[in-house]
Amino acid sequence: MAANVLPLVGVLFWDWDVFALLVLCWMENVVVGVFFILRMMFADLEEAALSVGKLFMVLFFCVHYGMFTAVHGVFVFTLFGQGRYRVDGLDALVPAARAADDYGLWVPLAVLFASHFFSFAWNYFYRGEFRSAKLTKLMVAPYSRVVVLHVAIILGGIAAMALGSPLWALLVLVALKVALDLKAHVKEHSAS
């Protein structure tokens, strides 16, 4: 949860606007997807017969979650990028990299990646969550986080932009993200 302080620092000290926050949240969803792929690969290890089925399910997740996330990226860059970040088809990674350069998001993204890596290593392996993880549950788990977070952040982003991105609106947006992340974290790790 400490990694969620970064958006607050970005708003208070680095003059981030709604768009920078949305891009960082979108990029974090890409990171979340990567770690769920890794979780699925290490789930149900004792079931050798599931290996081919698991490979199919992981590939399906990659395509489905990838499309889902790409469409969210298109919305973020189209609705909030103010024409500065053109999306070619569903490839939101190119404008995301440009926005990360423009807003200095690489370090915050690295911190978020490290946070998710630590959670993966600590909770999933060290604490043994992989032993009881079920592939079917892992396949759907990130969607609730992504959908709730994106709806809340996009609606909050629209409100903040309508108000000219005042500091208090951005702080409410960051607080909302932190609260949703905390709720998702507690729900995910209390089940093990």
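What counts as what
- Residues numbered from 1 in each chain as written.
- Predicted model: local features only at pLDDT ≥ 70, side-chain atom pairs only at ≥ 80, totals over all residues.
- Heavy atoms only, no water.
- Helix = DSSP H or I, 4+ residues; strand = E, 2+ residues; numbered from the N terminus.
- Buried < 20%, exposed > 50% of the residue type's maximum accessible area, 1.4 Å probe, protein only.
- Contact = heavy atoms within 4.5 Å.
- Expected span 1.5 Å × (residues − 1).
- Core = buried A, V, L, I, M, F, W, Y, C linked by side-chain atoms within 4.5 Å.
- Phe/Tyr/Trp six-rings, centres within 6.5 Å; stacked < 30°, edge-to-face > 60°.
- Lys NZ or Arg CZ within 6 Å of the ring centre and 35° of its normal.
- Axes fitted to C-alpha atoms, helices over the stretch in contact; angles between N-to-C directions.
- Parallel < 35°, antiparallel > 145°, perpendicular 65-115°, else oblique.
- Nonpolar A, V, L, I, M, F, W, Y, C, P; charged D, E, K, R; others polar.
- Left-handed = near helix turned anticlockwise from the far one by under 90°.
- pLDDT = per-residue confidence, 0-100.
- Salt bridge = Lys/Arg side-chain N within 4 Å of Asp/Glu carboxyl O.

A. Spotlight on the overall build of the chain. Tallying secondary structure elements over the chain gives eight helices and zero strands in all. For the chain, the α and β elements follow one another from N to C terminus as α-α-α-α-α-α-α-α. Residue burial in the chain is summarised as follows: out of 192 residues, 44% are buried. Within the chain, contacts between residues at least 6 apart in sequence are counted, and of these 75% link residues at least 24 apart.

B. Structural detail: helix α3 (residues 51–80). An ideal rise of 1.5 Å per residue puts 44 Å on 30 residues; α3 measures up with 42 Å between its terminal C-alpha atoms. Of the positions making up α3, those classed as buried are Lys 54, Val 58, Phe 61, Tyr 65, Thr 69, Ala 70, His 72, Gly 73, Val 74, Val 76, Phe 77 and Phe 80. Gln 82 occupies a position one or two residues after α3 and carries a positive phi of about 50°.

C. Structural detail: the nonpolar core. Counting residues in each nonpolar core, the largest one holds 43 residues, and the members touching the most others are Phe 19, Val 23 and Phe 77. Every element with two or more residues in this core is listed here: α2 (18–42), α3, α4 (93–103), α5 (106–126) and α7 (135–162). Here the element with the most residues in this core is α2; it accounts for 14 residues. Those residues within four positions of Phe 77 in sequence are excluded, and the remaining contacts are Phe 19, Val 23, Trp 26, Gln 82, Tyr 85, Val 87, Ala 92, Pro 95, Ala 96 and Ala 99.

D. Representation of the packing of aromatic side chains. Scanning the entire structure with this criterion turns up 20 aromatic pairs. Seen from their ring centres, Trp 26 and Phe 77 are 6.1 Å apart, and the 80° between their planes marks the pair as edge-to-face. Remark: Phe 77 occurs in helix α3 and Trp 26 occurs in helix α2; sequence separation between them is 51 residues. Note on accessibility: Trp 26 and Phe 77 belong to one class, buried. Taken together, Phe 35, Phe 42, Phe 113, Phe 117, Phe 120, Tyr 124, Phe 125 and Phe 130 form an aromatic cluster joined through their ring pairs. The positively charged end of Arg 39 is found above the aromatic ring belonging to Phe 36, 4.8 Å away from the centroid.

E. Representation of the packing of α2 against α3 within the structure. For the pair α2 and α3, interaxial distance at closest approach is 10 Å and the crossing angle is 180°. Comparing the axis directions of α2 and α3 gives the class roughly antiparallel. Class assignment of the residues belonging to the contact of α2 with α3 gives a composition of 19 nonpolar, five polar and one charged.

F. Broad picture of the packing of α2 against α5. For the pair α2 and α5, the least separation of the axes is 10 Å and the interaxial angle reads 25°. The pairing of α2 with α5 is recorded here as roughly parallel in orientation. The hand of the α2/α5 crossing is right-handed. On the side of α2, the interface is formed by Leu 24, Met 27, Glu 28, Val 31, Val 32, Phe 35, Leu 38, Arg 39 and Phe 42, while α5 contributes Trp 106, Pro 108, Leu 109, Leu 112, Phe 113, His 116, Phe 117, Ser 119, Phe 120, Tyr 124 and Phe 125. Of the residues belonging to the contact of α2 with α5, the class tally is 16 nonpolar, two polar and two charged.

G. Up close: the confidence of the model for the chain. Mean pLDDT over the chain stands at 81; residues scoring 70 or higher make up 77%. Model confidence for the chain, summarised as mean pLDDT per element, is weakest for helix α8 (residues 167–190) at 67 and strongest for α4 at 94.

H. Looking closely at the pattern of salt bridges. Tallied over the full model, the rule gives one salt bridge. A salt bridge links Glu 129 to Arg 127; the shortest N-O distance between them is 3.9 Å. Here Glu 129 falls in the buried class, since its relative accessible area comes to 7%.

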